[in-house]
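# Working through the structure, step by step
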Amino acid sequence: MNKTWILATMALTLAASCSRDKGIDNQSDNNKIDDTTIEEIVLGAGQSVSVSPKSRGIGAVGDLAATNSWNGETVYVYGINTKATGDAQFAINGQAATAPADNAKGALTWNQVMVDDVPTDPHYYYNSNDIYDFYGVHVDDAVPVPTQVPQPTLDDMMKIEAETDLTNGFAVDVVLDGSQDLMVAKADKAQDIKDASNPDVTEDDVNKLYSAWSARRKVTPNLKFDHLLTRLRFQVICGNETAPTGGKDIYIDSIKIDKAVYKGSLQIIPSTKDPLVEQGLTPVTADSIEFCVKQNPTDGDDKNLVKLKPVAVKSVDNENPDVIGEDLLMIPAVYYDVTIYASQTLNGKKEFNVVKKRIQAGQVTPSAGGEAKTEFAKNEIYYINIVVRSIEEITVNASLNPWVEGGNAVIDDEDI
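On a predicted model such as this, the values are computed, not experimentally measured, just so you know.

### Section: the overall build of the protein
Tallying secondary structure elements over the protein gives 3 helices and 24 strands in all. When each of the 416 residues of the protein is scored for burial, the buried share is 45%. Working note: accessible area of the protein is about 22600 Å², and carbon and sulfur atoms make up 48% of it.

What follows is the structure, encoded as structure tokens:
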């Protein structure tokens, strides 16, 4: 049975701080907030909620709510000063940060930057009465880096270029191969006011977020990362009573998606003028390629996925199937054309079987309480269940029946 589950959304928090600021009101009681202190903008913990092509990526980030976790991935953060103009708007400009290693929520660590050829820890502060908006993105290696001299890095590609008109927002081109997870995030001001639980800050103060004023009143900008792609998990069982062994194992050699859309424009910062473009992915449907299921590397610390090695089918239990490789991450579509390559060795000869199947979103069995689908949706994981059976050798038996006396017939030449 195919199942659909909501993929857990990642969450991070920007713990906003302050610089010298006397332009917005203070408390007047004995707990008066000191508006003369200088504090740093810090990335902190957030509330978790249930959430030519590159050759390799690190695969899907996180899982279902019960096992949802970051694994030290890189994200890029943008802090936009809404009261500034020109390049001064880019207060935090695509700064790379590392997510927690084993939790769905936790502190981000700013990646070091080079200052005068020296690795340096970056620090950011609010300026005066300025108001900031915060955005985040995870792209893996999906943003192409051009080959030129000097060659830019991915960090370079994620920065907003000087003199960029932010009324058009900010977007990057992406090229996918099924192994990269794409996520975008922005802070929800109304929700962050509620989470602050501070009577000095109400919904009427939404236009003061995010600032030194709001930071002093414990309003923390919380970046919640949403997955933009559909996640397909391929799992298999043997349809025989027992799975064959002893050199007769059935193998899944590879699984492919034919004609997969693989390019698009990823909007990180929304536009503010027509045409309005919200955060998200706009695919380029004119081109398509083949996506292949990959696996984690078996050695070393490299997280990049590698070519799938044939997987022996061991399970005959529908509730505990064998998972094939790592999940494919696809641009949402109405259907996917899947090709499965299986093999089995009999009598010293390897036999192959190729199965082609179009998986329609409308044929997916929804999870409990779920709704029927017309399209495979972003931020959702789908289980593609495969049943294979042993190749049965064709045997033809021959049996020799005895002759049976049928009687006598007489031919007399007088009768001729």
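### Points about the layout of surface pockets
There is about 460 Å³ of room inside the largest pocket. Going through the elements one at a time, strand S22 (335–346), strand S23 (349–360) and strand S24 (380–388) are the ones with two or more residues in the lining of the largest pocket. Taken together, the residues that form the lining of the largest pocket break down as 13 nonpolar, 7 polar and 4 charged.

### Remarks on the side chain of glutamine 95
Along the chain, glutamine 95 falls in strand S5 (residues 90–98). For glutamine 95, a relative accessible area of 4% gives the class buried. Those residues in contact with glutamine 95, other than ones at most four positions away along the chain, are Val75, Tyr76, Val77, Trp110, Asn111, Val113, Pro122 and Tyr124.

### Description of the packing of aromatic side chains
The full count for this structure, using the stated rule, is 7 aromatic pairs. Ring geometry for tryptophan 110 against tyrosine 124: centres 5.2 Å apart, planes inclined by 65°, an arrangement best described as edge-to-face. A residue pair is termed long-range when its members are at least 10 positions apart, and tryptophan 110 in strand S6 (residues 109–110) and tyrosine 124 in strand S9 (residues 124–125) qualify at 14 residues. Accessibility classification places tryptophan 110 together with tyrosine 124 in one group, the buried group.

### A look at the pattern of salt bridges
Here the idea is simple: oppositely charged side chains can pair when their charged atoms come close. This model, assessed by the stated rule, comprises 11 salt bridges. Put simply, arginine 358 and aspartate 337 hold a salt bridge, and the shortest N to O gap is 2.7 Å. Remark: aspartate 337 occurs in strand S22 and arginine 358 occurs in strand S23; sequence separation between them is 21 residues. By relative accessible area, aspartate 337 is classed as buried at 18%. Residue lysine 373 is joined to glutamate 380 by a salt bridge in which the shortest nitrogen-to-oxygen separation is 2.9 Å. In terms of burial, lysine 373 and glutamate 380 fall into one category: buried. Among the charged side chains, a network of salt bridges with common partners joins Arg231, Arg233 and Asp327.

### Examining the environment of tyrosine 262
With respect to the helices and strands, tyrosine 262 occurs in strand S15 (residues 250–269). Considered as a pair, tyrosine 262 and leucine 176 are 86 residues apart in the sequence and their alpha carbons are 4.9 Å apart.

### Observations regarding the pairing of strand S4 (residues 74–81)
It is a general feature of regular strands that their side chains alternate between the two faces of the sheet. The element S4 is extensively covered by neighbouring structure, given that 7 of its 8 residues are classed as buried. In this structure, S4 lies alongside S5, joined through 6 bridges in antiparallel fashion. Among the inter-strand pairings, glycine 79 is bridged to a residue of S5, identified as isoleucine 92. Two elements, S4 and strand S10 (residues 132–138), share 6 bridges in a ladder whose sense is antiparallel. Bridge pairing in S10 places tyrosine 78 opposite tyrosine 135.

### Here we look at the environment of glutamine 279
Within the secondary structure, glutamine 279 is located in the loop between S15 and strand S16 (280–292). Linking glutamine 279 and valine 137, residues 142 residues apart in sequence, is a C-alpha distance of 9.9 Å. In this structure glutamine 279 touches Tyr135, Gly136, Val184, Ala185, Lys186, Gln267, Ile268 and Pro270, once residues within four positions along its chain are discounted. Here the side chain of glutamine 279 touches isoleucine 268 through a polar contact of 2.8 Å, landing on its backbone oxygen.

### Notes on the nonpolar core
One recurring pattern in soluble globular proteins: nonpolar side chains tend to sit buried together. Residues Tyr78, Leu182, Phe234, Ile257 and Leu266 are the most contacted members of the largest nonpolar core, which totals 60 residues. Looking at this core element by element, the count peaks at 9 residues for S15. If we skip the residues at most four places from it in the chain, leucine 266 touches Val137, Val139, Phe170, Ala171, Val172, Val174, Leu182, Val184, Leu228, Gly280 and Leu281. In terms of nonpolar packing, the next biggest core, distinct from the first, is built from 27 residues, Ala185, Ala196, Val201 and Phe225 among them.

### Examining helix H2 (residues 189–196)
Among the residues of H2, Asp192, Ile193 and Ala196 are the ones counted as buried. Down the axis, H2 shows its buried residues gathered within 105° of arc, on one side only. The opening residue of H2 is aspartate 188, an N-cap whose side-chain oxygen sits 3.3 Å from the backbone nitrogen of alanine 190. Trailing H2 by a residue or two, serine 197 shows a phi angle of about 50°, which is positive.

### Thoughts on the confidence of the model for the protein
Considering every residue of the protein, the mean pLDDT works out to 80; 76% of them sit at 70 or more. Ranking the helices and strands of the protein by mean pLDDT puts strand S11 (residues 170–175) first, with 96, and strand S1 (residues 4–6) last, with 29. Counting contacts from residues 42–55, a segment whose pLDDT is below 50, to residues more than four positions away or on other chains yields 69 contacts.

### What about the environment of proline 144?
Relative to the elements of secondary structure, proline 144 occurs in the loop between S10 and helix H1 (154–157). According to the relative accessible area criterion, proline 144 is partly exposed, its value standing at 32%. C-alpha of proline 144 to C-alpha of aspartate 173: the two residues are 29 residues apart in sequence and 7.5 Å apart in space.

### With respect to the side chain of aspartate 130
Structurally, aspartate 130 can be placed in the loop between S9 and S10. Of the buried charged residues, aspartate 130 lacks a salt bridge, with lysine 83 as the closest side chain of opposite charge at 6.0 Å. Side chain to side chain, aspartate 130 and asparagine 81 meet in a polar contact 2.8 Å long. Not counting chain neighbours up to four residues away, the residues in contact with aspartate 130 comprise Asn81, Lys83, Tyr210 and Ser211.

Criteria and thresholds
- Numbers given to residues run from 1 along each chain, matching the order in which its sequence is written.
- Totals for whole chains, interfaces and linings use all residues, but because this is a predicted model, local features are given only for residues with pLDDT of at least 70 and pairs of side-chain atoms are given and counted only at 80 or more.
- With hydrogens and water set aside, each side-chain value is computed from the structure's full complement of heavy atoms.
- Under the DSSP-based scheme used, a helix requires at least four consecutive residues in state H or I and a strand at least two consecutive residues in state E, with every element numbered from the N terminus.
- Partly exposed describes any residue whose relative accessible area lies between the buried limit of under 20% and the exposed limit of over 50%, with all areas from a 1.4 Å probe on protein chains only and scaled to the type maximum.
- The Shrake-Rupley method, run with a 1.4 Å probe, gives the accessible areas here. Residue values count only the displayed protein chains as cover.
- The method works on a 1 Å grid over the protein atoms by themselves. A cavity is a set of points holding a 1.4 Å probe that cannot get out, a pocket is an open set with protein on both sides within 12 Å along at least five of seven lines, and residues with an atom within 4 Å of a point line them.
- Grid points are joined across faces, edges and corners, and a volume is the space filled by probe spheres set on the points.
- We call Asp, Glu, Lys and Arg charged. Ala, Val, Leu, Ile, Met, Phe, Trp, Tyr, Cys and Pro are nonpolar, and the rest, Gly among them, are polar.
- Here a residue-residue contact requires only that any non-hydrogen atoms of the pair lie within 4.5 Å.
- Centre distance within 6.5 Å is the pairing criterion for rings of Phe, Tyr and Trp, where only the six-membered ring of Trp is used; planes under 30 degrees apart are then read as stacked, over 60 as edge-to-face, and the remainder as tilted.
- By definition here, a salt bridge exists when the distance from a side-chain nitrogen of Lys or Arg to a carboxyl oxygen of Asp or Glu is within 4 Å.
- A strand pair is defined by DSSP finding two or more bridges across the two strands.
- Counting of polar contacts relies on pairs of N or O atoms within 3.5 Å, with two restrictions inside protein: one atom must be capable of donating a hydrogen and the other of accepting it, and residues adjacent in sequence are counted only when both atoms are side-chain atoms.
- We define the nonpolar core as a collection of buried residues of types Ala, Val, Leu, Ile, Met, Phe, Trp, Tyr and Cys that are connected through side-chain atoms lying within 4.5 Å of one another.
- Working note: the arc is built from the helix axis to C-beta atom directions.
- Values of pLDDT, which run from 0 to 100, indicate the predictor's confidence residue by residue.
- Counted as positive: Lys and Arg. Counted as negative: Asp and Glu, with His and the chain ends omitted from the count.

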